[in-house]
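Structural characterization, general
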Amino acid sequence: MAGASAIRVLIVDDHAVVREGLRTFLELQDGIDVVGEAGDGVQALEQAATLSPDVILMDLVMPRLDGVAAMRKLRQRAPRSRVIVLTSFLDDDRLMPALQAGAAGYLLKDVEPAELARAVRTAGSEQAMIDPTVAARLLRTLSEPGPAIRRGDQTGEAALTPREREVLELIAGGRSNKRIAFELGIAEKTVKTHVGHLMAKLGVSDRTQAALLAVRRGLVDGS
């Protein structure tokens, strides 16, 4: 049962059967509380303002106001709510705008139920989760060369340390802090410190934006 510290979730999808299925599954999960539903972006903005959800599961293709447009408005109206895109689409025309609009995660609708629950918990703890298929597509899309940040350049983003670059590359690959700690053989608390430092140096507010900026500017290998 959901308690006072449960992650509050708002489900946004224009198909009632999808909303009902998501609600039924999520309400069976410990520590997750579905507080509302919305059938389009306009309703999502209204519900977010009223309910103050921690996490919003957002479809992209909806009537009146689509998911990307809704996310752009939510950044101003509900900045504390973390949005996870849950969609059937993987094309660049939807993937890139969604991430640039501030999505904290991007999952396909064929995601395993356990992975969906993990994504909600990950977003609730202010981390990001991207489907591995989406991450691979993203890195390919952003692999075109861009202006790299020079080490020691103090006019833009400060140079990252070798360890921060390692952490950033793993973030771009969709790893959680716990997984990064395991792969690098360091404490999870240390990973959080590195993440905080590298986001400050890159001038971004979340992990997804850090990964986008890093690949675009050649800080990590996008191949």
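Quantities reported herein were computed from a predicted structural model and do not represent experimental measurements.

Focus: the overall build of the chain
Along its length, the chain carries ten helices and six strands. The burial tally for the chain puts 49% of its 223 residues in the buried class. Carbon and sulfur atoms form 50% of the exposed surface of the chain, whose accessible area is close to 11000 Å².

What to know about the packing of helix 8 (residues 177-184) against helix 9 (residues 188-202)
The N-to-C vectors of helix 8 and helix 9 enclose an angle of 110°; their axes lie 8 Å apart at closest approach. Considered as vectors, helix 8 and helix 9 are oriented roughly perpendicular to each other. Contacts between helix 8 and helix 9 involve Asn177, Lys178, Ile180 and Ala181 from the first element and Glu188, Val191, Lys192 and Val195 from the second. When grouped by side-chain class, the residues that make up the contact of helix 8 with helix 9 number four nonpolar, one polar and three charged.

Quick word on the pattern of salt bridges
With the rule as written, the count across this model stands at ten salt bridges. Residue Lys109 pairs with Asp13 through a salt bridge whose shortest N-O separation is 2.8 Å. Here the residue Lys109 occupies a position in the loop between strand 5 (105-108) and helix 5 (113-124), and Asp13 occupies one in the loop between strand 1 (7-12) and helix 1 (16-26), the gap between them amounting to 96 residues. A relative accessible area of 33% places Lys109 in the partly exposed class. Since its relative accessible area comes to 2%, Asp13 is described here as buried. Salt bridges here are not isolated pairs; linked through shared partners, they connect Arg19, Arg23, Glu27 and Glu37.

Points about the pairing of strand 4 (residues 82-87)
By the criterion of burial, strand 4 is predominantly enclosed, with six of the six residues buried. Covered by surrounding structure in strand 4 are Arg82, Ile84 and Leu86 together with Val83, Val85 and Thr87, the residues of both alternating faces. In terms of strand pairing, strand 3 (residues 55-58) meets strand 4 through four bridges, oriented parallel. Considered in strand 4, the bridge of Ile56 is made with Val83.

A look at the side chain of Arg23
Within the element layout of this structure, Arg23 appears in helix 1. At 2.6 Å, the side chain of Arg23 and the side chain of Glu37 are in polar contact. When residues no more than four places from it in sequence are discounted, the contact partners of Arg23 are Ile11, Val34, Gly36 and Glu37.

Some details on the nonpolar core
Judged by nonpolar contacts, the single largest core of 30 residues is most densely connected at Val12, Ile56, Met58, Met71, Leu74 and Tyr106. Among the nonpolar cores identified, the runner-up in size contains 18 residues, and Leu160, Ile180, Met199 and Ala214 belong to it.

Here's the deal with the confidence of the model for the chain
The pLDDT averaged across the chain works out to 80; a share of 78% of its residues lies at or above 70. The low-confidence segment residues 145-157 (pLDDT under 50) makes 19 contacts with residues lying over four places distant or belonging to another chain.

Considering the pairing of strand 1
Burial analysis of strand 1 places five of its six residues in the buried class, which makes it a mostly covered element. By the bridge criterion, six bridges tie strand 1 to strand 2 (residues 32-38) in an arrangement that is parallel. What sits directly across from Val9, in strand 2, is Val34. You can see the chain leave strand 1, run along helix 1 and come back into strand 2, and the turn it takes is right-handed.

Structural notes on the side chain of Thr122
One can find Thr122 in helix 5. Here Arg118 takes part through its backbone oxygen, which lies 2.8 Å from a polar atom of the side chain of Thr122.

A short note on helix 9
Taking 1.5 Å per residue, 15 residues should reach 21 Å; helix 9 reaches 21 Å between its end C-alpha atoms and fits that length. Val191, His194, Val195, Leu198, Met199 and Leu202 are the residues of helix 9 that are buried. Along the long axis of helix 9, the arc covered by the buried residues comes to 130°, so they all point the same way. Along helix 9, exposed side chains directed more than 90 degrees from the buried face belong to Lys189 and Ala200. Where helix 9 terminates, the next one or two residues include Gly203, which has phi positive at roughly 70°.

So, the environment of Arg75
By secondary structure assignment, the location of Arg75 is in helix 3 (residues 67-77). Taking C-alpha positions, Arg75 is 8.1 Å from Ala101, a pair spaced 26 residues apart along the chain.

About the thresholds
Residues numbered from 1 in each chain as written. Predicted model: local features only at pLDDT ≥ 70, side-chain atom pairs only at ≥ 80, totals over all residues. Heavy atoms only, no water. Helix = DSSP H or I, 4+ residues; strand = E, 2+ residues; numbered from the N terminus. Buried < 20%, exposed > 50% of the residue type's maximum accessible area, 1.4 Å probe, protein only. Areas by Shrake-Rupley, 256 points an atom, 1.4 Å probe, with all protein chains shown as cover. Axes fitted to C-alpha atoms, helices over the stretch in contact; angles between N-to-C directions. Parallel < 35°, antiparallel > 145°, perpendicular 65-115°, else oblique. Contact = heavy atoms within 4.5 Å. Nonpolar A, V, L, I, M, F, W, Y, C, P; charged D, E, K, R; others polar. Salt bridge = Lys/Arg side-chain N within 4 Å of Asp/Glu carboxyl O. Pairing = 2+ DSSP bridges. Polar contact = N/O pair within 3.5 Å; in protein donor to acceptor, adjacent residues only side chain to side chain. Core = buried A, V, L, I, M, F, W, Y, C linked by side-chain atoms within 4.5 Å. pLDDT = per-residue confidence, 0-100. Right-handed = clockwise from strand over helix to strand, strands pointing away. Expected span 1.5 Å × (residues − 1). Arc of directions from axis to C-beta.

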